[in-house]
Amino acid sequence: MTGQATSDRISRSDVSSTYRPSWLARLLSLFSGTGGLIVKIVLLSLLNAMVGWAVIVLFAQDRIVWALGTLAVLGVFDFVYLRPNKLLPAKFILPGSVLLIAYLIVPIFFTINTAFQRYSTSHVLTKAEAISTNIEQNVVQGEKFFLMTPSRDTSGALVLVLVDDTTGQTYLGRESGLEEIDPASIQVDEFGDVVPPAGLTALVGDDLFGADAELAAFEVPLEGGGAIKTEGISGAYDSVPGLEYDLARDVMIATDTGIEYTDNGRGSFVTSSGEELVVGWREYIGFENFTAVVTNPLVRAPFLRAFAWTIAFAASTVLLSFTIGLFLAKLLDKPKFRFKRLYRSLLIVPYAVPGFLSLLVFKGLLNDDYGLINKLLPFDVPWLFDPWWARVSVILVSVWLTTPYFLLVCMGALQAIPGELVEAARVDGAGRWQVFRKVTLPLLLVVVTPLIIASFAYNFNNFNNVFLLTGGGPTSSDQSVAGATDILISYTYKLAFEAGKGQDYGLASAISIYIFFIVAAMSASGFLRSKALENMK
Amino acid sequence: MAQVKFENVDKVFDNGVKAVANMSLDVRDGEFLVLVGPSGCGKTTALRMVAGLEAISSGTVSIGDTVVNNLTSKDRDIAMVFQNYALYPHLSVADNIAFGLRLRKEPKEKIAKQVEWAATMLDLVPYLNRRPKELSGGQRQRVAMGRAIVREPKVFLMDEPLSNLDAKLRVQMRAEIANLQKQLGTTTIYVTHDQVEAMTMGDRVAVMSMGVLQQVAEPQVLYDAPANIFVAGFIGTPPMNMFEATVEKDGDSLALNLAGARFALAKDREWRYPRLSQYAERKIVVGIRAEDVHAAEAKPGWPSVVGRLGLMEALGSSQIGYLNIDATKVAVAIQPKAPDDATANAKPAKGAPAPRAEDLHTEAASSFVTNLVAIFPPRLPLKLGTDVRITIDTANIHFFDAQTGEALR
Amino acid sequence: MNDPTKRRGDDWWRHLILWVAIALAVFPPLYVITAAFNADQTLSGTSFLPRSFTLENFKGLFVQKEGGAEVFFVRWFRASIIIALLNAFFTVFIGALSAYAFSRFRFRGRRMGMLFLLLIQMFPGLLNLVAIYLIVLRTGEVVPALGLNKLTALLLVYLSGAMSINLWLMKGFFDSIPTELDESARVDGATPAQIFWGVILPLAVPVLSVVGMFAFVGTLNEFMTASVLLETVDNFTLPLGLQAYISTNFEENWGSFAAGVLIAQIPAIVGFVFVQKYIIAGLTQGSVKG
């Protein structure tokens, strides 16, 4: 009985007391009384179960602070949703807020924090971790050499039967440590092979070769640091730490030469001659990442190049797209123009196709060797190989992607301009071009300017258009991370995630913050123009 | 069925604006009470406090014997009709009417019965399956009424329910709503800025201005005996003429001195205004309805004054003349002042009301420098720009204190 | 200019220019179609007009070639669709909840909250990727389902990413729904939850559709975040998968790649068509009256 309008002439008997609510009206009862309560309790129980489990895991992993924090968040949820008729706004805002805090606000603070740190591939650990890693990695070979007979005990664990090459002292090497045994307990058989003591079986033949990888990774820890490591399948040697850490003086000392490495305050141990230990740690270094953009020539050059190119890329993309879009919109903006709808539909095809697909297709189309475009052209253009042509390609493809948007915007804006204004100007004797310049364009810009600024801000960070087409390449002559078509955002991405030249999270974060201020300034100007703030009563 | 009682109710908005001040009002059981006043006078705020849509700053509002200050809207057993009807565009007429009943989980059969009853009563049966946007303005208005009556609440609250209709429909719906209320006998509070609506519909009318209740009375009493300058100027079209004047005492009898003429006041006049003699020789405000001004030749022997005719409006059955006489006009501030912003803030979705008749009159009159409005019989030959001799029916003159604006009764 | 006295014949130059523009606009998509059905599967072998017709390229997406690499196209496609649908749904749902509160309730910090949302929206998502990577990494140590290489983790990041801009959009629309509708429902006895579900949401269908569609298409398009959080090729989304596909065996995979592109376009275009009628209404707002 519900739904669309029916004829005016429904007689009364047709509708007599057969009223049934439509499904939309039924939505109401779905979220009231018992129904709503059950939904609420089920959802809340599920949440409690899942989060509770996570808290238990956190406790098990000894992450007490995180466990308590998570518990507190859960408590907030339960508190808000179980209090009847109170805290109404919170009930609606909480889910969104939690997501926002966890994956947007916390990361922003983390990024800001990182920007003030030396935090890169060789500086990811804490200082304590860095010290122990340095000690572990700097081992030197000791003086001893052992003959080794790999064996297994009854449980199948690997046990090395070792005979000191010089002293003849005998040992059993287990994963847990080294145990000295009576030389008499092992014998040498007629082939000169060692027969392990009772309970152990020597590995021979295929078993031995099959255990090759296991052997290579096997270490027998020694008291006081160092370890016995295998060499091949029948030998072993002892190794000792090459570095010692002096806690009192906070220095690392090379055990053989006695050279001291001191904490340079920037996350590294260095000698007086400037030699650095490979593994460093995260350390606060103030504004160094920010000033590096100006002071460090290795950073300055690529940063400034990427910055200039970002501006050029975004500006030319937006201006060209807007101009072409406006031009096409003007062509179509004529009453009773034939095929108007067809033309418009075809012209916005690039907008309807997912951008990443178009970009990947263009990558193939513009391929220097095999691409269709070079095949169709009478001459070869190094679209993606030559730095300048690559820049041209990126802009052209971006314009191709952006123009339909401005076409739609301009068509809408042109329609919104009152016809009387144009007619009045014509009556006043203005020519077509004058009408366009003096009447149409200014009125259009009032509407479109905020959108142009927004589009500029968007393209300023248009990672996809650059990265999927050229990958930021081709590589620039100075071999830095930033390629010829890298905009700031893709340059930052490479700094942070592309391991090829070493990741530098600190610098990437600092540049991120620069980008934030640039974008915020642009957005603010666009926002003020659009006056959206006025709607905030 | 229940009476509604305001006791010393105040409403102060968060921004400090006082929208309703010390309001006390008894709405009787089954009564149709109209709250009238210029836009922003606090009448809508008062209504919304009864509805539970606005918190009560101090004082109490009770429905029946229950103080409802701390009850939510749904626990007050009221129904409200909004200016823009507040119909749910996505629901059919039937769903709209059934909305409140479904929320209250009434049994299905009862809902169906009630919807049918309301639809029949309001002539909406053929439209039950339509969406609101497929209805005319008057039909939408009736759907809004239907949604209120199916619930059979203790009190109806209506917030300018007719102001979105065109003039003709408004007159028709005025009668329909009044009739409906008589049939149902449900206590009703009806808010409007239109004094004609107030006069024609209300059992009693409460006039508000700047958050203060000015007078509560039957319509004719309001017209005949306004309690103060504001009510006098607000009720009646065209508005009452008010001038500064003096009353002279001559032995036992009193006389009004206006524009150089001396109008003797009859004995019964003194009786209706016993305090008038205390004001002798003092400046007072005198109020004269337009229909009590006559052309001098029609009342031979009456004292007369001269006025220059600035504007004439011929209405067919009568003509309205705007004259300038030698007296100081007293203007009544009907235009909204400070408290209006408060209401505007509280209801941002509501558009500005259309200009009212009295505004237009004031506007027209002022541009021709006239200070007196008179209703003359039709076909009386009057010429613009000439001096016209007029006289006043002293039997119906109103007197007000010049300082307080209160009627001298 | 609009000159009614002009005859239609004078428009030929407009048509000419427009056809040139259209040719440029549709050339790449058309080329994808021809390449997808072209029997010569290599990039060098393609031409704009296919020399012969084949469905082999499509088969290559679904069936592993003998001795060839494993194909994951179906998995990528499924992953993208699922995550895009879920993201669209939850973005609309959670966003509408918050937008309702910001539009209808008056509470402390409301104005500041809206401004704050605007501000953090200007923090480009990429800047956060390092931090998000680490957060997801750590979360995964506790709740593996929300760790690296999991679509659930990616979904949560997507949800938070566009939240504030969508919230603004929806709040603007909600603001245009007359408050009398809420008040009337309140007088009739509706709870805030009932008003939200029974009154506001049905009326906000235009803006919800638009936000949902943008979220859907945006997710299908997203490359950066996915590339950081997803590690193994079998868990990739479409953009990641196709990028990997074309960058590893660029030359010889071209035919299958084009076929994949052709299929990958379908969901976005379907979504586009589906909500087209709401787009204008959703973006112009305030059409609910009456």
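Residues numbered from 1 in each chain as written. Chains lettered and ligands numbered in written order. Predicted model: local features only at pLDDT ≥ 70, side-chain atom pairs only at ≥ 80, totals over all residues. Heavy atoms only, no water.

Residues and elements named next belong to chain C. With respect to the helices, strands and loops of the structure, asparagine 149 is situated in the loop between helix H5 (129-142) and helix H6 (151-161). Judged by relative accessible area, asparagine 149 falls into the buried class, the value being 12%. Filtering out sequence-adjacent residues up to four positions away, asparagine 149 remains in contact with Leu229, Leu230, Glu231, Thr232 and Asn235. (Helix = DSSP H or I, 4+ residues; strand = E, 2+ residues; numbered from the N terminus. Buried < 20%, exposed > 50% of the residue type's maximum accessible area, 1.4 Å probe, protein only. Contact = heavy atoms within 4.5 Å.)

Attention now moves to the domain arrangement of chain A. For chain A, the assigned domains are domain 1 (34-86), domain 2 (139-241) and domain 3 (295-536). Averaged C-alpha coordinates put domain 1 of chain A and domain 3 of chain A at centres separated by 46 Å. (Domains from an automatic or database assignment.)

Residue placement: Ser62(B) occurs in strand S4 (residues 58-63). Residue contacts for Ser62(B): discarding those within four places in its chain leaves Gln3(B), Val4(B), Lys5(B), Val67(B) and Val68(B).

This paragraph deals with the pairing of strand S5 (residues 177-181) of chain A. All names here are of chain A. Bridge count between strand S4 (residues 170-174) and S5: 5 bridges; the pairing is antiparallel. Looking at the pairing, threonine 170 lines up with isoleucine 181 of S5. Where S4 folds back onto S5 in an antiparallel hairpin, the turn is made up of 2 residues. (Pairing = 2+ DSSP bridges.)

All names here are of chain B. Along the chain, the position of valine 286 falls in strand S14 (residues 283-288). Classification of valine 286 as buried rests on a relative accessible area of 0%. As for valine 286 and aspartate 401, which are separated by 115 residues in sequence, their C-alpha atoms are 8.9 Å apart.

What follows covers the sheet that holds strand S17 (residues 319-324) of chain B. Residues and elements named next belong to chain B. One open sheet accounts for 5 strands, arranged S15-S19-S16-S17-S18; its pairing is antiparallel. Single-partner strands in this sheet number two, and they are strand S15 (293-295) and strand S18 (372-376). Within the sheet, the average angular offset between the axes of one strand and its neighbour, ignoring direction, is 50 degrees. Note: strand S16 (residues 305-314) against strand S19 (residues 387-392), 4 bridges, orientation antiparallel. What sits directly across from valine 306, in S19, is arginine 389. (Axes fitted to C-alpha atoms, helices over the stretch in contact; angles between N-to-C directions.)

This brings us to the packing of helix H2 (residues 93-103) of chain B against helix H3 (residues 108-121) of chain B. Residue and element names in this part refer to chain B. Their axes nearest at 10 Å, the elements H2 and H3 cross at an angle of 130 degrees. In this view, H2 runs oblique relative to H3, as classed from their interaxial angle. For the pair H2 and H3, the crossing hand works out as right-handed. Of the residues in H3, those in contact with Ala94, Ile97, Ala98, Leu101 and Arg102 of H2 are Ile111, Gln114, Val115 and Ala118. (Parallel < 35°, antiparallel > 145°, perpendicular 65-115°, else oblique. Left-handed = near helix turned anticlockwise from the far one by under 90°.)

Now for the packing of aromatic side chains. The description of two aromatic rings rests on the distance between their centres and on the angle between their planes. Within the structure shown, the criterion is met by 46 aromatic pairs over all chains. Note on Phe287(A) and Phe290(A): the rings are 5.7 Å apart at their centroids and 55 degrees apart in plane angle, and the pair reads as tilted. Residue Phe287(A) is classed as exposed on the basis of its relative accessible area of 55%. The exposure class of Phe290(A) is buried, given its relative accessible area of 10%. An aromatic cluster is present here, built from Phe92(A), Phe89(C), Phe90(C), Phe93(C), Tyr100(C), Phe105(C), Phe196(C) and Trp197(C) joined pairwise through their rings. Taking NZ or CZ as reference, Arg391(A) lies 4.4 Å from the ring centre of Trp388(A), over its face. Against the face of Tyr223(B) rests Arg289(B), its NZ or CZ located 3.9 Å from the ring centre. (Phe/Tyr/Trp six-rings, centres within 6.5 Å; stacked < 30°, edge-to-face > 60°. Lys NZ or Arg CZ within 6 Å of the ring centre and 35° of its normal.)

In the contact formed by helix H4 (residues 88-115) of chain A and helix H4 (residues 110-121) of chain C, the axes pass within 11 Å of each other and the chain directions differ by 65 degrees. H4(A) and H4(C) meet at a crossing whose hand is left-handed. Across from Leu100(A), Leu104(A), Ile105(A) and Ile108(A) in H4(A), the residues of H4(C) making contact are Phe116(C), Leu117(C) and Ile120(C). A class-by-class count of the residues in the contact of H4(A) with H4(C) yields 7 nonpolar, no polar and no charged. (Nonpolar A, V, L, I, M, F, W, Y, C, P; charged D, E, K, R; others polar.)

Time to look at the sheet that holds strand S15 (residues 269-270) of chain A. Residues and elements named next belong to chain A. Pairing is antiparallel across the open sheet formed by 4 strands, whose spatial order is S12-S13-S14-S15. Looking at the sheet topology across the chains shown, the edges are occupied by strand S12 (243-246) and S15. Pairing of strand S13 (residues 251-254) with strand S14 (residues 260-263), which is carried by 3 bridges, proceeds in the antiparallel orientation. By the bridge assignment, valine 251 is partnered in S14 with threonine 262. Packing of helix H5 (residues 127-137) onto the sheet brings it into contact with S12, S13, S14 and S15, and relative to S12 it is tilted by some 150 degrees.

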